[in-house]
There are 2 protein chains.
Amino acid sequence: MSGDARRAQIREVAADLFDRSGYRDTSMDRIAEEVGIKKASLYYYFPSKDRLLIEMHDEMIELIIASHEARMNAGTATASELLRGMMTDIISLQETHPGSLRVFFEHFKEIPEPERARVMERRAVYEGYLREQLQRGMDGGEFKPLDIRFATFAILGMANWSYQWFRPGGTATAEQVAAAFWSMLSEGIAAT
Amino acid sequence: MSGDARRAQIREVAADLFDRSGYRDTSMDRIAEEVGIKKASLYYYFPSKDRLLIEMHDEMIELIIASHEARMNAGTATASELLRGMMTDIISLQETHPGSLRVFFEHFKEIPEPERARVMERRAVYEGYLREQLQRGMDGGEFKPLDIRFATFAILGMANWSYQWFRPGGTATAEQVAAAFWSMLSEGIAAT
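Residues numbered from 1 in each chain as written. Chains lettered and ligands numbered in written order. Predicted model: local features only at pLDDT ≥ 70, side-chain atom pairs only at ≥ 80, totals over all residues. Heavy atoms only, no water.

- By the naming in an unreviewed UniProt entry, chain A goes by TetR/AcrR family transcriptional regulator and is assigned to Microbacterium yannicii.

### Here's the deal with the interface of chain A and chain B
Moving on, step 1. Taken together, the contacts link 43 residues of chain A with 43 residues of chain B.
Moving on, step 2. Together, Phe150, Trp161 and Ile189 of chain A form the three largest contributors to the area buried by chain A at its contact with chain B, with a combined 20%.
Moving on, step 3. On inspection of chain A and its partner chain B, the count reaches four salt bridges.
Moving on, step 4. Between Asp19 of chain A and Lys109 of chain B there is a salt bridge, with the nearest N and O atoms lying 2.8 Å from each other.
Moving on, step 5. Summed over the shared surface of chain A and chain B, the result is 20 residue pairs in polar contact (both at pLDDT 80 or more).
Moving on, step 6. Of all elements in the fold, only α1 (3-21), α6 (98-106), α8 (148-161) and α9 (174-187) of chain A reach the threshold of two or more residues within the side of chain A that touches chain B.
Moving on, step 7. The element best represented in the side of chain A that touches chain B is α8 of chain A, accounting for 10 residues.
Moving on, step 8. Tallied by class, residues from the side of chain A that touches chain B come to 23 nonpolar, nine polar and 11 charged. (Contact = heavy atoms within 4.5 Å. Buried area = accessible area lost by both parts, 1.4 Å probe. Salt bridge = Lys/Arg side-chain N within 4 Å of Asp/Glu carboxyl O. Polar contact = N/O pair within 3.5 Å; in protein donor to acceptor, adjacent residues only side chain to side chain. Helix = DSSP H or I, 4+ residues; strand = E, 2+ residues; numbered from the N terminus. Nonpolar A, V, L, I, M, F, W, Y, C, P; charged D, E, K, R; others polar.)

### Thoughts on the relation of the copies chain A and chain B
Moving on, step 1. Of the transformation superimposing chain A on chain B, the axial component is 0.0 Å and the angular component is 180°, with the fit at an RMSD of 0.0 Å. In the structure described here, the two chain copies are related by an operation that fits a two-fold rotation axis. Residue Gly188 of chain A of chain A places its C-alpha closer to the rotation axis than any other residue of that unit, at 1.8 Å. (Least-squares fit on C-alpha atoms with pLDDT ≥ 70 in both.)

### A word on α1 of chain A
What sets the pattern is the α-helix's 3.6 residues per turn: residues three or four places apart point alike.
Residue and element names in this part refer to chain A.
Moving on, step 1. Its 19 residues place the ends of α1 26 Å apart at the C-alpha level, agreeing with the 27 Å of an ideal helix rising 1.5 Å per residue.
Moving on, step 2. All of the buried residues along α1 are Ile10, Arg11, Val13, Ala14, Ala15, Leu17, Phe18 and Asp19.
Moving on, step 3. Residues of α1 that are buried in the fold lie against α2 (28-35), α3 (39-45), α4 (49-74) and α6.
Moving on, step 4. Of the residues one or two after α1, Gly22 is the one with positive phi, at around 90°. (Expected span 1.5 Å × (residues − 1). Buried < 20%, exposed > 50% of the residue type's maximum accessible area, 1.4 Å probe, protein only.)

### Here's the deal with the nonpolar core
Moving on, step 1. In terms of nonpolar packing, the biggest core is built from 86 residues, with Leu134 and Phe181 of chain A together with Leu134 and Phe181 of chain B touching the most fellow members.
Moving on, step 2. Sequence-distant contacts of Phe181 of chain B, that is, excluding residues within four places in its chain, are made with Phe150, Phe153 and Ala154 of chain A together with Met87, Ile91, Met158 and Trp165 of chain B. (Core = buried A, V, L, I, M, F, W, Y, C linked by side-chain atoms within 4.5 Å.)

### Topic: unusual backbone geometry
Moving on, step 1. Omega for the bond connecting Glu113 of chain A with Pro114 of chain A falls within 30 degrees of zero, at 5°, which places this linkage in the cis form.
Moving on, step 2. One can find Pro114 of chain A in the loop between α6 and α7 (115-139).

### Observations concerning the pattern of salt bridges
Moving on, step 1. One pass over the structure, following the stated rule, counts 36 salt bridges over all chains.
Moving on, step 2. Ionic pairing is found between Arg7 of chain A and Glu55 of chain A, a salt bridge with its closest N-O pair at 2.5 Å. Taken as a pair, Arg7 of chain A in helix α1 and Glu55 of chain A in helix α4 lie far apart in primary sequence, 48 residues in all.
Moving on, step 3. Exposure remark for Arg7 of chain A: the relative accessible area of 21% places this residue in the partly exposed category.
Moving on, step 4. Here Arg71 of chain B ties to Asp89 of chain B by a salt bridge, and the two come within 2.8 Å at their closest N and O atoms. Here Arg71 of chain B, found in helix α4 (residues 49-74), pairs with Asp89 of chain B, found in helix α5 (residues 79-96); they are 18 residues apart in sequence, far enough to count as distant.
Moving on, step 5. Judged by its relative accessible area of 27%, Arg71 of chain B falls in the partly exposed class.
Moving on, step 6. Via salt bridges that share partners, Arg7, Arg11, Glu55 and Glu59 of chain A belong to a single interconnected network.

### Remarks on the side chain of His97 of chain A
Residues and elements named next belong to chain A.
Moving on, step 1. With respect to the element layout, His97 can be found in the loop between α5 (79-96) and α6.
Moving on, step 2. Only 3.2 Å separates the side chain of His97 from the side chain of Glu59, close enough to count as a polar contact.
Moving on, step 3. Discounting chain neighbours no more than four positions away, the residues touching His97 are Glu12, Glu59, Met60 and Leu63.

### Observations concerning the packing of aromatic side chains
Moving on, step 1. Applying the stated rule across the entire model yields 22 aromatic pairs over all chains.
Moving on, step 2. Pairing Phe105 of chain A with Trp161 of chain B gives two aromatic rings, centres 4.9 Å apart and planes at 75°, and the pair type is edge-to-face. Placement of the pair is Phe105 of chain A in helix α6 and Trp161 of chain B in helix α8 (residues 148-161), with the two residues belonging to separate chains.
Moving on, step 3. With relative accessibility at 7%, the residue Phe105 of chain A sits in the buried group.
Moving on, step 4. The exposure class of Trp161 of chain B is buried, given its relative accessible area of 5%.
Moving on, step 5. With a centroid separation of 3.8 Å and an interplanar angle of 5°, the aromatic rings of Phe153 of chain A and Trp165 of chain B are classed as stacked. You can see Phe153 of chain A sitting in helix α8 and its partner Trp165 of chain B sitting in the loop between α8 and α9 (174-187), one on each of two chains. (Phe/Tyr/Trp six-rings, centres within 6.5 Å; stacked < 30°, edge-to-face > 60°.)

In structure tokens form, the structure reads like this:
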């Protein structure tokens, strides 16, 4: 296994343990045991449990930022397409990083400073991108006049809450769920 | 302070500690100290920490079930009105029970069986009410044809996720937030 693959494996195993047993109650011993490597090897990859927690958060936020920036920089997508893409990205993390995503939502407060402030800044960058596309859609006539703050929370709520119910490999893919959510929010559910 | 008021006070103090320090790391000693009562008094109200956790969950779900049933039994509300009311109820818990609501969403797995199964059944009753109103709205021509499962998760996502960002006493009340969410979901955000 390559170093990157091993790091990714350790992160997901540790995330699953943090999720099941709590961050504080999970020891580096237990993580090493569950991964099936020696404790010294674990420390080679992650010098501390905090480091693991920080990297999980970094990975989640950087994946969705990078995915959005790539789509945005292609320069052809409408605001609707970009916002639906952002919802797809978030829900897709359930398929690729289910444990880390739960840790991302529930164990943010346990990140030590100054790393917590740094992760919070990156989360703010992502929310800024969301608001930017809502504003662009309003300016360009794609959207009605909106309260951007509430629209941001509506989109994040639908997408993020999926970590509580979405099961990868179930009847719908992340892309299908995001498309269904976007269609309801965009067109509305009231009969016309 | 009456017994009921004392119980409610203990639940909110304990919820806040569970939230800040984790369920496992919070002792009955610590809860008694933070409430400012003797440990024997705490045990008089709650014979165990599990009992506290169970009552927090029971209280959250029973409050929103009772509120919906009262509105429903009045018999005059449309499906839209009832669904917007359900969103208001959930977001309002932030104003009245912020600590317990966070525990309700993040510490469900720590409830011991058989109580966990019982709470899950009550959650299912609530989701059933939501689906029932979506179906009723479709049948009665209020709503477009919908995938009821995704519509349920869209509504729960917007409302429930508010526990991550809504601050009581801020610029908007729970009712205003729910009205804004419902308006977007109902009418859609796309320009027509």
